[in-house]
Amino acid sequence: MDQTVKRYQLRSEKRVLQKRVNYEAELNPQQLEVVTAADGPILVIAGAGSGKTRAITYRVSWLLESGINPNEILLLTFTNKAAREMIHRVALLTELDIRQLWGGTFHHVGNLLLRPNAKHLGLNSSFTILDQGDAKDLLTACVAELKGEKKDKQFPSADILQDIISFSINTTNELEAIVRLRYPHFEPLTSQILAIAQRYAEKKREMNAVDFDDLLLGCKYLLERHPEIRNHYASKFKYVLVDEYQDTNKLQADLIDQLASVHRNVMVVGDDSQSIYSFRGANFANIMEFPNRYPDVRMYKLELNYRSTPEILNLANDAIAANEHQFSKTLTPTRTSIQWKPAIIPLRDAAQQSEFVAQRILELQDEGISLQEIAILYRAHFHSMELQLELTRRGIPFVIHSGVRFFEQRHIKDVVAYLKIIMNPYDELSWRRILLLIPGIGTKTADKLWSAIRNEHDPLSHLAGFSSLIPKASKGAWKQFTELMQELTHEGFLQAPSAAIEHVFKNGYDQYLEAKFPDYKTRREDIHQMSTFALGFDSLQRFLTELSLLGQIESEEPGKEASQDHLRLSTIHQAKGLEWQVVFIIYMVDGRFPSLYSLKERDALEEERRLFYVGVTRAKTQLYLSYVLFSENYQGPYFYRPSTFLKELNAEHYELWQIDDTLEMSAGLPEYVKDENKYFQ
């Protein structure tokens, strides 16, 4: 006999909530307008330091205290930490049970949507999410499966393949276009790359697995191809809130529109002036064209700045003023003036720039400012090389937010390994490092080669004799390598470390960078910067000795691990969202900041100007902008022009600091350089 089953549903208790939060007392008028805004699409332009997080948090609180159920609210952020902090603040404000509120990163929410609907993608709901390491290993396996075609010796690495596929998905552009624009040197291999991408997708399905990009791409497929699923979630989420909207890519913006398609109560919060991540796929057009996608949008602006002094904000407003494509805004200070204007400092060269920054930091310490309240920012990581050396020599402890220390980077250590072998042909660590760079040589072959090298009286002269140990497919690469090592033993290279570095770079290592790393252009600049530094040494031995001594100084820094008082060094991209009492921005010259490429392309120059604005608005109390007049690199002497961005500033909003011998040195500069610098004198 069949048993009768009666369904019983638990319902949340409906009650009229009495508001606990005194919104008028805890928010400024601009924030209050945002928090209490009526339904409909809303664009919030939140200037730097304007309390954006507070506005979003209190908006969620307002909705909950207005009777909206937590599971009817979707809060999208770019980090899980940001989501947790916001939700925790809301819980403290309202004292409500908000565990059912949907909050997290796009990928977190994507996972929640995909699990119950996995069958529509040919997956089981227990699918595995591959992390970046697992995805890279799977791509490597796909490359190894290539059949019927001879794989090019400089075939893109798994890292590059991962970048091509991911960038294509997140920007919704064809994979062929990504190869052509980002990796033109691999364009002849496009058909093979497409085949690998296809096989990668097939293997993931066979494994019942997805990668991070699939979490978003799968959601887009579900919402676009299955109206019933889209309607379910779009009806469920009465309110959609998005943080850092200026950083969204095309795929993320499309998902937001789908999820808000029923109620259209979507609030996006961001700052167009801080849109700086196009290299990651972020789409500046998302925030600028939001009013076109939602013609009935209401726009609010948060312009009261709680971070910086009036003097710094005057300069910040100048910094972004020249951009044509922006929502107009004027940052207004809540802090009172301290009668300290930002400083612009022209300096002779990179060495003097480093001396100035280091000396000023020591003075700031004497004035009672902690090192952890000071940051040195720059456009690209290699701009900090000379400064890292100067700080190390002076024993000023620092941490690097933009990566590892300059001479600890993998590509720098690779090139240095070639030089070490020339000076000491029995350096086992250096041999093993560079042998594994040769295409087709793995650990076993490297072991055999090292055994032969260590027993040879003059190994550098007998490298060609080891060819019997080399796999057939690698003999051409081995021949090129042996010729390079022979050339490096010539007296001219032994007395010119800069020339030796460039010779290694041009004879194989540049090709290796292009095939191995998505950021090969940045790594290329690092090597050229090391070459420039090496110009100060008249022998390879002295150059390598200096590097060793610098490493020894670093290892002897007292209390380095225990102390928390460290200076911060960072690219501006990595510094977004952070703040310090004192900020130095170095290398403010055309070709470095703004970058050389951006000087030729309007949209790129506007993004560089936004990057400058982000750097300036990291400073609370003191800001120093420095530029150099002269440099000498591996190609010869070079005279810099002050950054275009400095010349756009109102002279009343900064002070010019003149270093004594810089003025004397400027007498010998070319006329066009002197004319440029008259602007600051």
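Right, let's talk about the overall build of the protein chain for a bit. Scanning the protein chain from N- to C-terminus turns up 30 helices and 19 strands. The principal-axis extent of the C-alpha atoms belonging to the protein chain is close to 90 × 80 × 45 Å. A burial count over the protein chain gives 54% of its 681 residues as buried. Long-range contacts, defined here as pairs at least 24 residues apart, represent 78% of the contacts in the protein chain between residues at least 6 apart.

Another aspect to go through is the nonpolar core. The biggest cluster of nonpolar side chains holds 117 residues, and the ones touching the most others in it are Trp431, Ile434, Trp478, Phe481, Met485 and Phe543. With sequence-adjacent residues up to four places away left out, tryptophan 478 is seen in contact with Leu435, Ile438, Ile441, Leu449, Leu463, Ala464, Phe466, Ser467 and Ile470. Residues Ala319, Ile572, Phe584 and Leu646 belong to the second largest nonpolar core, which totals 64 residues.

This part covers unusual backbone geometry. Excluding glycine, residues mostly have negative phi values, and the peptide bonds linking residues are mostly trans. Of the consecutive residues phenylalanine 593 and proline 594, the connecting peptide bond is found in the cis state with omega at 10 degrees. Mapping proline 594 onto the fold places it in the loop between strand 15 (580–585) and helix 27 (602–616). Even without being glycine, glutamine 339 reaches a positive phi, approximately 60 degrees. In this structure, glutamine 339 sits in the loop between strand 10 (332–333) and strand 11 (343–347). In the Ramachandran plot, tyrosine 587 falls in the positive-phi region, its phi being about 55 degrees despite a non-glycine side chain. By the element assignment, tyrosine 587 lies in the loop between strand 15 and helix 27.

We now examine the sheet that holds strand 3 (residues 102–105). Strand pairing in a sheet is mediated by backbone hydrogen bonds. Such pairs are either parallel or antiparallel. Here we have 6 strands laid out as an open sheet, ordered 3-2-6-7-1-8, and parallel in their pairing. Only two strands of the sheet have a single partner each, and these edge strands are strand 3 and strand 8 (298–302). Along the sheet, successive strands turn relative to each other by an average axial angle of 15 degrees, direction set aside. By the bridge criterion, 4 bridges tie strand 1 (residues 42–46) to strand 7 (residues 266–270) in an arrangement that is parallel. Paired with isoleucine 45 across the bridge in strand 7 is glycine 270. Each of strand 1, strand 2 (73–77), strand 6 (239–242), strand 7 and strand 8 touches helix 3 (residues 52–65); the most contacted strand, strand 6, lies at about 170 degrees to it.

Next up on the list: the packing of helix 15 (residues 310–321) against helix 27. Taken N-terminus to C-terminus, the directions of helix 15 and helix 27 make an angle of 175 degrees; their axes are 9 Å apart at the nearest point. When the interaxial angle is binned, helix 15 and helix 27 end up roughly antiparallel. Every residue of helix 27 that contacts helix 15 at Ile312, Leu315, Ala316, Ala319 and Ile320 is listed here: Arg609, Arg610, Phe612, Tyr613 and Val616. For the contact of helix 15 with helix 27, the class distribution of residues is 8 nonpolar, no polar and 2 charged.

Bringing the domain arrangement of the protein chain into the picture now. When the parts of a complex come together, some accessible area is lost, and that lost area is often used as the size of the interface. As far as domains go, the protein chain holds domain 1 (23–115 + 226–302), domain 2 (128–207), domain 3 (316–397 + 564–656) and domain 4 (407–548). Centre-to-centre, using C-alpha coordinates, domain 2 lies 38 Å away from domain 3.

Let us look at the packing of aromatic side chains. What the rule picks out here adds up to 33 aromatic pairs. Here the aromatic rings of tyrosine 23 and tryptophan 62 are separated by 5.2 Å at their centres, their planes lie at 80 degrees, and the arrangement is edge-to-face. Remark: tryptophan 62 occurs in helix 3 and tyrosine 23 occurs in helix 1 (residues 23–26); sequence separation between them is 39 residues. Judged by its relative accessible area of 2%, tyrosine 23 falls in the buried class. One aromatic cluster in this structure is built from Trp340, Phe356, Phe584, Tyr624 and Trp657. Looking at arginine 280, its charged tip hangs above the ring of tyrosine 277, at a distance of 4.2 Å from the centre.

What follows concerns the environment of arginine 307. Following the sequence through the fold, arginine 307 ends up in the loop between strand 9 (304–305) and helix 15. Not counting residues up to four positions away in its chain, the partners in contact with arginine 307 are Ala48, Gly49, Arg335, Leu578, Glu579, Thr617, Arg618, Ala619 and Lys620. Among the polar contacts listed, one links the side chain of arginine 307 to the side chain of glutamate 579, at a separation of 2.7 Å.

Let's shift gears to the sheet that holds strand 13 (residues 398–400). Here we have 7 strands laid out as an open sheet, ordered 13-14-12-15-16-11-19, and parallel in their pairing. In this open sheet, the two edge strands, each paired with only one partner strand, are strand 13 and strand 19 (655–656). In this fold helix 16 (residues 350–366) packs onto strand 11, strand 12 (374–378), strand 14 (567–571), strand 15 and strand 16 (619–628), with an angle of close to 160 degrees to the strand it touches most, strand 16.

Turning next to the pattern of salt bridges. Under the defined criterion, the tally for this structure stands at 41 salt bridges. For lysine 576, the salt bridge goes to aspartate 247, with nearest N and O atoms at 3.4 Å. Remark: aspartate 247 occurs in the loop between strand 6 and helix 12 (250–259) and lysine 576 occurs in the loop between helix 26 (572–575) and strand 15; sequence separation between them is 329 residues. Aspartate 247 shares its class with lysine 576; the two are buried. Residue glutamate 390 pairs with arginine 393 through a salt bridge whose shortest N-O separation is 3.7 Å. A residue pair is termed a helical-turn pair when its members lie 3 or 4 positions apart in one helix, as glutamate 390 and arginine 393 do in helix 17 (residues 385–394) at 3 residues.

Let us look at the environment of leucine 419. Inspection of the secondary structure assignment puts leucine 419 in helix 18 (residues 410–423). Judged by relative accessible area, leucine 419 falls into the buried class, the value being 0%. Each C-alpha atom, one on leucine 419 and one on threonine 445, is 22 Å from the other, the two residues being 26 residues apart in sequence. Excluding residues that lie within four positions of it along the chain, leucine 419 makes contacts with Ala500, Ile501, Leu540, Phe543 and Leu544.

Our focus in this paragraph is the environment of leucine 364. With respect to the helices and strands, leucine 364 occurs in helix 16. Judged by its relative accessible area of 0%, leucine 364 falls in the buried class. Linking leucine 364 and alanine 83, residues 281 residues apart in sequence, is a C-alpha distance of 36 Å. Apart from the residues lying within four places of it in its own chain, the contact partners of leucine 364 are Ile369, Ile374, Val582, Phe584, Gln622 and Tyr624.

Moving on, we come to the confidence of the model for the protein chain. The pLDDT averaged across the protein chain works out to 89; a share of 91% of its residues lies at or above 70. Between the elements of the protein chain, mean pLDDT differs from a low of 49, seen in helix 30 (residues 671–678), to a high of 98, seen in strand 15. Across residues 553–563, where pLDDT falls below 50, the model places 9 contacts with residues more than four positions away in sequence or in other chains. This stretch, residues 676–681, has a pLDDT under 50; its non-local contacts, to residues over four places away or in other chains, come to 21 contacts.

How each quantity is defined
- Residues numbered from 1 in each chain as written.
- Predicted model: local features only at pLDDT ≥ 70, side-chain atom pairs only at ≥ 80, totals over all residues.
- Heavy atoms only, no water.
- Helix = DSSP H or I, 4+ residues; strand = E, 2+ residues; numbered from the N terminus.
- Buried < 20%, exposed > 50% of the residue type's maximum accessible area, 1.4 Å probe, protein only.
- Contact = heavy atoms within 4.5 Å.
- Core = buried A, V, L, I, M, F, W, Y, C linked by side-chain atoms within 4.5 Å.
- Pairing = 2+ DSSP bridges.
- Axes fitted to C-alpha atoms, helices over the stretch in contact; angles between N-to-C directions.
- Parallel < 35°, antiparallel > 145°, perpendicular 65-115°, else oblique.
- Nonpolar A, V, L, I, M, F, W, Y, C, P; charged D, E, K, R; others polar.
- Domains from an automatic or database assignment.
- Phe/Tyr/Trp six-rings, centres within 6.5 Å; stacked < 30°, edge-to-face > 60°.
- Lys NZ or Arg CZ within 6 Å of the ring centre and 35° of its normal.
- Polar contact = N/O pair within 3.5 Å; in protein donor to acceptor, adjacent residues only side chain to side chain.
- Salt bridge = Lys/Arg side-chain N within 4 Å of Asp/Glu carboxyl O.
- pLDDT = per-residue confidence, 0-100.

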